[in-house]
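# Overview (structure and organization)
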Amino acid sequence: MPAFLEGWIRKGGCGCSFLVSRFSLLVESRNIVWIKVLNMQMKSAIASFALVGFLVSNTVAAKDITADDVLLTTGDVTITVGDMRHYVKERIDHGLPAERFTEPGVVPRLMENLMTIRVLANMAKEQGVSVDEQMQWALDVERDRQLYNRYVHDTVAEQMAKTNWDALAKEEYLANKASYQRPAQVSVSHILVAVSKERNDEQALARINEVQALLKDGESFEKLVQQYSDDNGSLEQQGSLGYFAPERMVKPFSDAAFAMEEVGDLSDPVKTRYGYHIIRLDGERPAGTLPFEEVKERIIAKLQKGMDSDLRTQLTLEARSPKEFELNEENLKALELEYVDPDLL
């Protein structure tokens, strides 16, 4: 297969790897020339890609649409609103977070994938690729897999809907309060004089000492932040870094911040790998248990994830361990010997 087509197919993804292998086999086994067919399909496909690019880059007002409304046509391929609604649901069922589809451009790119699959499927039909025994078996297994996935999904969803998550979360919270502790925190603002190529350590120290002298003379901390601080990330907050636990900051900075006792206290110059700081204590929070309402949603999310996993495992184990079954060990052994070196058994 020409490399440029293979790259185009693999870019589309979502099942195209199967078609890549089928086309490779077709070309190798029949030794046919199919460039003309490809060119005709590519002209139509290129126009579709251009349309996808237009959709991604332009925002249009939403309108009422029905499942039969057409989104895209290319050659014999038509993609409808219903096709895409099914495709989006199928992607979500396979684990793609539903939130992804709130991002601009995701749905058009998914439509591009579906177009790629259908264009190549039509090319396969034109080249005489038929459903042989192996492919039919694979289609039958895929149908069984879809049924299995739907059964598991519906069973899990039914059980989840019956669960009182607020009560279960409260029970988890009371039983494991040690897991919901908040360490002591402080809120500080700072002025940073950075050591850089333009300013060596000695110059930075002299500049921070200048800031300290101005503060002692009564200059506004916020004013000096704007005049002296090199921390661009906190300038708009007047140097404020908000609340943090000890491990969130580099040790010299954290040690100085937690050593201050009264709100409004100012530190002496503190050296870190970033330069020199003067720190002001803005607030304190003692260590303690986080309120239930503050952690409830986090607990529920954890419990739901655990129940989902446990139920899926339980259903799988039940299916793998039927109460009654008949096993022809002789035939199984004969089949295994088709693949395994007898000396290894």
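Residues numbered from 1 in each chain as written. Predicted model: local features only at pLDDT ≥ 70, side-chain atom pairs only at ≥ 80, totals over all residues. Heavy atoms only, no water.

## Section: the packing of helix α4 (residues 81-93) against helix α5 (residues 106-126)
At a closest axis distance of 10 Å, the pairing of α4 and α5 adopts a crossing angle of 105°. Judged by the angle between their axes, α4 and α5 are roughly perpendicular. From α4, Asp 83, Met 84, Tyr 87, Val 88 and Arg 91 reach across to α5, where they touch Val 107, Leu 110, Met 111, Asn 113, Leu 114, Ile 117 and Arg 118. Looking at the contact of α4 with α5 residue by residue, the class counts come to eight nonpolar, one polar and three charged. (Axes fitted to C-alpha atoms, helices over the stretch in contact; angles between N-to-C directions. Helix = DSSP H or I, 4+ residues; strand = E, 2+ residues; numbered from the N terminus. Parallel < 35°, antiparallel > 145°, perpendicular 65-115°, else oblique. Contact = heavy atoms within 4.5 Å. Nonpolar A, V, L, I, M, F, W, Y, C, P; charged D, E, K, R; others polar.)

## Here we look at a nonpolar patch on the surface
Together, Phe 325, Leu 327, Leu 332, Leu 335 and Tyr 339 make up a nonpolar patch on the protein surface, roughly 590 Å² of accessible area in all. If you trace the backbone, Leu 335 turns up in helix α13 (residues 329-336). Take Leu 335: its relative accessible area is 39%, and that puts it in the partly exposed class. (Patch = residues over 30% accessible without salt bridge, like charges linked within 9 Å, V, L, I, M, F, W, Y side chains within 5 Å. Areas by Shrake-Rupley, 256 points an atom, 1.4 Å probe, with all protein chains shown as cover. Salt bridge = Lys/Arg side-chain N within 4 Å of Asp/Glu carboxyl O. Buried < 20%, exposed > 50% of the residue type's maximum accessible area, 1.4 Å probe, protein only.)

## Quick look at the pairing of strand β7 (residues 275-285)
Regular strands have side chains that alternate between both faces of the sheet. Buried residues dominate β7, accounting for eight of its 11 residues. Bridging between strand β4 (residues 185-194) and β7 involves 10 bridges; their strand directions are antiparallel. The residue bridging Val 186 from the neighbouring strand is Glu 284, located in β7. Sheet analysis places strand β6 (residues 270-272) next to β7, joined by three bridges and oriented antiparallel. Looking at β7, one finds that Thr 272 is bridged to Gly 275. (Pairing = 2+ DSSP bridges.)

## Thoughts on the confidence of the model for the protein chain
The predicted coordinates ought not to be read in detail in places where the model reports low pLDDT. This prediction gives the protein chain a mean pLDDT of 85; 82% of its residues lie at or above 70. Contacts of residues 1-52 to residues separated by more than four positions or lying in other chains number 79 contacts, the stretch itself having pLDDT below 50. (pLDDT = per-residue confidence, 0-100.)

## Here's the deal with the sheet that holds β7
Pairing in this open sheet of four strands is antiparallel, and the strands run β5-β4-β7-β6 from one edge to the other. The two strands at the open ends of the sheet, each matched to only one other strand, are β5 (240-244) and β6. Strand-to-strand twist across the sheet, computed as the mean angle between neighbouring axes with direction ignored, equals 40°. Sheet topology places β4 next to β5; four bridges connect them, and they run antiparallel. In the sheet register, Ser 189 faces β5, and the bridge partner there is Ser 240. Contacting β4, β6 and β7, helix α8 (residues 201-216) crosses the sheet at an angle of about 45° to β7.

## Here we look at the side chain of Asp 231
When you line up the elements, Asp 231 lands in the loop between α9 (221-228) and α10 (232-235). At 12 Å, Arg 199 is the nearest oppositely charged side chain to Asp 231, a buried residue that forms no salt bridge. (Lys, Arg positive; Asp, Glu negative; His and termini not counted.)

## Points about the packing of helix α7 (residues 165-175) against helix α12 (residues 292-320)
Following both chains from N to C, one finds α7 and α12 inclined at 105°, their axes separated by 9 Å at the closest point. For the element pair α7 / α12, the angle class is roughly perpendicular. Contacts between α7 and α12 involve Trp 165, Asp 166, Leu 168, Ala 169, Lys 170, Glu 172 and Tyr 173 from the former and Phe 292, Val 295, Lys 296, Ile 299, Ile 300, Lys 302, Leu 303, Gln 304 and Met 307 from the latter. Considering only residue class, the contact of α7 with α12 consists of 10 nonpolar, one polar and five charged.

## Things to note about α9
Among the residues of α9, Phe 221, Leu 224, Val 225 and Tyr 228 are the ones counted as buried. Take α9 and look down its axis: the buried residues cluster within an arc of 110°, on one side only. On its buried face, α9 sits against β4, α8, α10 and β7. Measuring from the side-chain oxygen of the N-cap residue of α9 to the backbone nitrogen of Glu 222 gives 3.3 Å; that N-cap residue is Ser 220. (Arc of directions from axis to C-beta. Polar contact = N/O pair within 3.5 Å; in protein donor to acceptor, adjacent residues only side chain to side chain.)

## What about the packing of aromatic side chains?
Tallying each qualifying case throughout the model produces four aromatic pairs. Ring plane angle 80° and centroid distance 6.1 Å describe the contact between Phe 244 and Phe 258, whose orientation is recorded as edge-to-face. With Phe 244 in strand β5 and Phe 258 in helix α11 (residues 251-259), this pair connects stretches of sequence that are 14 residues apart. Its relative accessible area of 2% is what places Phe 244 among the buried residues. For Phe 258, a relative accessible area of 27% puts it in the partly exposed group. Every member of this aromatic cluster is reached through a ring pair, and the members are Tyr 173, Tyr 180 and Phe 292. Across from the ring centre of Phe 292, 4.5 Å away, lies the NZ or CZ of Lys 170, which sits over that ring. The ring of Phe 221 is capped by Arg 280, whose NZ or CZ atom sits 4.5 Å from the centre of that ring. (Phe/Tyr/Trp six-rings, centres within 6.5 Å; stacked < 30°, edge-to-face > 60°. Lys NZ or Arg CZ within 6 Å of the ring centre and 35° of its normal.)

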